[in-house]
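Here's the letter readout for the chains.
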Amino acid sequence: MDFDLVVNILFATIRTGTPLILIALGEMVCEKSGVLNLGQEGMVLMGAVAGFMAAVVTGHPGLGVLAAMAAGMLMSLLFGFLAISLVTSQVATGLALTIFGTGLSAFLGASYVGVGIEGIGAWTVPLLSEIPVIGKILFSHDPLVYLSWALFGLVYFCFKSTRIGLIVRSVGENPEAANAIGMSVFKVRYGAVLFGGAMAGLAGGYLSLAYTPLWTEGMSAGRGWIALALVVFASWRAERVLLGAYLFGAASIMHLVLQGLGFEASPNLLAMLPYVATIVVLVVLANDAVKTRLNTPMALGKPYRPQL
Amino acid sequence: MTFGKKGTISGRARKLFSVLGLATLATTASVAHSAEPLKIGFVYVGPTGDAGWTYAHDEGRKYVEKHLGDKVQTTYVESVPEGADAERVITQLAAKGNDLIFTTSFGYMNPTLKVAKRFRKVTFEHASGYKRNKNMGTYFTRAYQGRYLTGLIAGKMTKSNVIGYVASFPIPEVIRGINAFTKGAREVNPDVQVKVVWASTWYDPAKEREAAETLILQKADVLTQHTDSAAVIQAAEAKGVYAIGYHSDMSVYGEKAHLTSTIHSWGPLYLKKAQAVIDGTWTSEDLWPGIAEGTTNIAPLNKAIPDDVKALVMAKKDAIKKGEMRVFDGPVYDQAGKAMVASGTTMSDKELLGFNWYIQGVEGQLPK
């Protein structure tokens, strides 16, 4: 295996992991507040179609990114209204959101299939991208990849050392207690759900504007579901979400690269690798059952009705 | 119409009665037939909106509607997973009164057969399978003929002599395509090697793109794919190499990269089948039309292709059309250099449908 190939594999790993990081971070914040939103796939698709349509109409991919986030937020607002305000079952509402988003995105995007756009190109960071090896691997991506790192930093920092992080956590652990000391469970949960929607929408925009600048139905290909699992296996910790997403990315790339190198193994077996590798590593990391249980938001998935 | 064993009607009367009954039934049926449109159901494995496999089938459905108008009424169910769901969907279409049902993916074969045995009055047509029944026919397209023609172009256009092939799953249909493409490429350029990467998915644009880039990294300068999205074309365009599309004309995804595409046009075949059911002349058969019937074709060629190559492709296309040559006319060698098809003979359709070995020129081992 020559050196260039290794560099390219690592580069592709980051690109493959990026949409998963975005979706999983958003879902993690949402779940930390006690809300389980299974509508990721639908929100990602809505983000992808809205972003693509906006980029075609305005001719500006940047506006596409904003539209993608807005679409994800709108979808999550619908989810919030049903699951938080009307206290419907979170699981059923989330699943419905996925089905709704899949259908609606296909309907809206029907006439945008086969439209070609420029897409968001790479932005090589001045100076940093000139560092040998590291520069090519880390600093010659499109801007959304850097944004994913910034957002990771933000979420990590928030839960590590800010009051906001604590508030979100307390609402997810014990909404009654949080309410009793004067926090608005509704506001916090709406905020977390909207953040999750924006992140899922952004991931959709990443797929349709940067990764493969095209729109086709169902183009998220199950990434929403993978990200959902990632949050659980990462036991609700941002740094493990990041690690898990890149692990998954690396294993999916290796599945393709090994074949090109003439590695003799069943491609179907190799295709399983990302799932197995990611789960094994994250489970090994989270082998302390007590700690994992402590990390699981206690009120996850439980609707909250304020005591009157 | 059932009679109890201890029925009071005598044997002769019973026979007479049943003949009369049948005749009445038949009249009612034919009256109903002429008044009501032929209901046709389609089961698709993917979404109709993409530029791939399902899109081509849906174009065929629209073609039937356009030509038969009020005489038919079509419905379709898209993105139906192969397996238990498929059986449920096919059963539902049959129960809802569809007279003719097209199931358009290999994995629907067993479910279709199962439902066909239960609904004997409904006619079924399954694409790409080999199991038939009295009321279930099969059909396919000789897409490999298009693959062969595009292989000629790839062989002429490559400079590195490495051609990349993004494939989905190692089933005969896909292997046949790889072999036909390689045969074309090697005929015009004996130094060509075709590198295959299995994406293990029919449809995931991001993964298809990564597979394409992996191949480009390994020196491929012409790519083609047997997956459903146009991501391979896009990747080729971005990296400045050539690509050949599949299913439909994918030129919009990469003007410079797109050399041509192998395309399917199911319309005429679907029209023929629908008309046969309307006329009552339908029989269960195995149809495998190709370039000669217009079911298989190639998209307009890129300007970058030199005129002599274009002329060669057109000449070969004409020869296939006239039946003067077949893609797998011998000699055909396997990877070890053993002549699997002798000179002067050709592969039978049965052998083609069960293709499970690589011909010379394909790199790597065929996954088992």
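Because the structure is predicted, anything quoted here is derived from the model rather than measured.

A. The arrangement of the interface of chain B and chain A in detail. Taken together, the contacts link 31 residues of chain B with 30 residues of chain A. Carbon and sulfur atoms make up 56% of the area that chain B and chain A hide from each other, which totals about 2600 Å². Ionic pairing is found between A:R15 and B:E213, a salt bridge with its closest N-O pair at 2.5 Å. The interface formed by chain B and chain A holds eleven residue pairs in polar contact (both at pLDDT 80 or more) in total. Those elements that provide at least two residues to the side of chain B that touches chain A are β7 (193-198), α7 (205-217) and α8 (231-239) of chain B. Here the side of chain B that touches chain A takes nine residues from α7(B), the largest share from any one element. Of the residues assigned to the side of chain B that touches chain A, the class counts are 16 nonpolar, seven polar and eight charged.

B. Highlighting the sheet that holds strand β1 (residues 38-43) of chain B. Residue and element names in this part refer to chain B. Sheet architecture is open: six strands sit in the order β2-β1-β3-β4-β5-β11, paired in parallel fashion. The sheet terminates laterally at β2 (72-77) and β11 (286-287), the two strands that pair on one side only. By the bridge criterion, four bridges tie strand β4 (residues 123-127) to strand β5 (residues 136-139) in an arrangement that is parallel. In the strand pairing of β5, F124 is matched with M136.

C. Local environment of the pattern of salt bridges. Summed over all chains, the structure comprises 22 salt bridges over all chains. Residues A:R15 and B:E210 are paired through a salt bridge, measuring 3.1 Å at the closest nitrogen-oxygen approach. Of this pair, A:R15 sits in helix α1 (residues 3-32) while B:E210 sits in helix α7, each in a different chain. Considered together, A:R15 and B:E210 belong to a single accessibility category, that of buried residues. Among the salt bridges present, the one from B:E187 reaches B:K183, with a minimum N-O distance of 3.3 Å. Residue B:E187 and its partner B:K183 are located together in helix α6 (residues 172-188), separated by four residues, close to a single helical turn. Overall, B:E187 belongs to the partly exposed group, its relative accessible area being 37%.

D. Highlighting empty space enclosed by the protein. All names here are of chain B. Within this structure, the stated rule accounts for four cavities of 30 Å³ or more. Quantified by volume, the largest cavity comes out at close to 60 Å³. Taken together, F140, T141, A143, Y144, R147, E173, R176, G177, H226 and Y246 make up the full set of residues lining the largest cavity. Elements supplying a minimum of two residues to the lining of the largest cavity: α5 (143-157) and α6. A per-class count over the lining of the largest cavity returns four nonpolar, three polar and three charged.

Rules of the game
Going along each chain's sequence as written, the residues are numbered from 1 onward. All chains are assigned letters beginning with A, and all ligands numbers beginning with 1, in the order in which they are written. It should be noted that, the model being predicted, local features are given only for residues of pLDDT at least 70 and side-chain atom pairs only at 80 or more, the latter also being counted only at that level, while totals for whole chains, interfaces and linings use all residues. Remark: hydrogens and water are excluded; side-chain values derive from all non-hydrogen atoms of the structure. Contacts are assigned to residue pairs with any non-hydrogen atoms lying within 4.5 Å of each other. Defined in terms of a 1.4 Å probe, buried area is the accessible area two parts forfeit on being brought together, summed over both. What counts as a salt bridge is simple: a side-chain nitrogen of Lys or Arg found within 4 Å of a carboxyl oxygen of Asp or Glu. Pairs of N or O atoms are called polar contacts if they sit within 3.5 Å, as long as, within protein, a hydrogen donor faces a hydrogen acceptor (for residues adjacent in sequence, only side-chain-to-side-chain pairs). In this description a helix means any DSSP run of H or I spanning at least four residues, a strand means any run of E spanning at least two, and both kinds are numbered starting from the N terminus. Classification used: nonpolar for Ala, Val, Leu, Ile, Met, Phe, Trp, Tyr, Cys and Pro, charged for Asp, Glu, Lys and Arg, polar for all others including Gly. Pairs of strands are assigned from DSSP output, requiring at least two bridges between the strands. The buried label goes to any residue with under 20% of its type's maximum accessible area, the exposed label to any with over 50%, and the partly exposed label to all in between, with areas taken from a 1.4 Å probe on protein chains only. The pocket and cavity definitions rest on a 1 Å grid over protein atoms only: a 1.4 Å probe that fits but cannot leave marks a cavity, an open set with protein on both sides within 12 Å along at least five of seven lines marks a pocket, and residues lining either have an atom within 4 Å of a point. Grid points are joined across faces, edges and corners, and a volume is the space filled by probe spheres set on the points.

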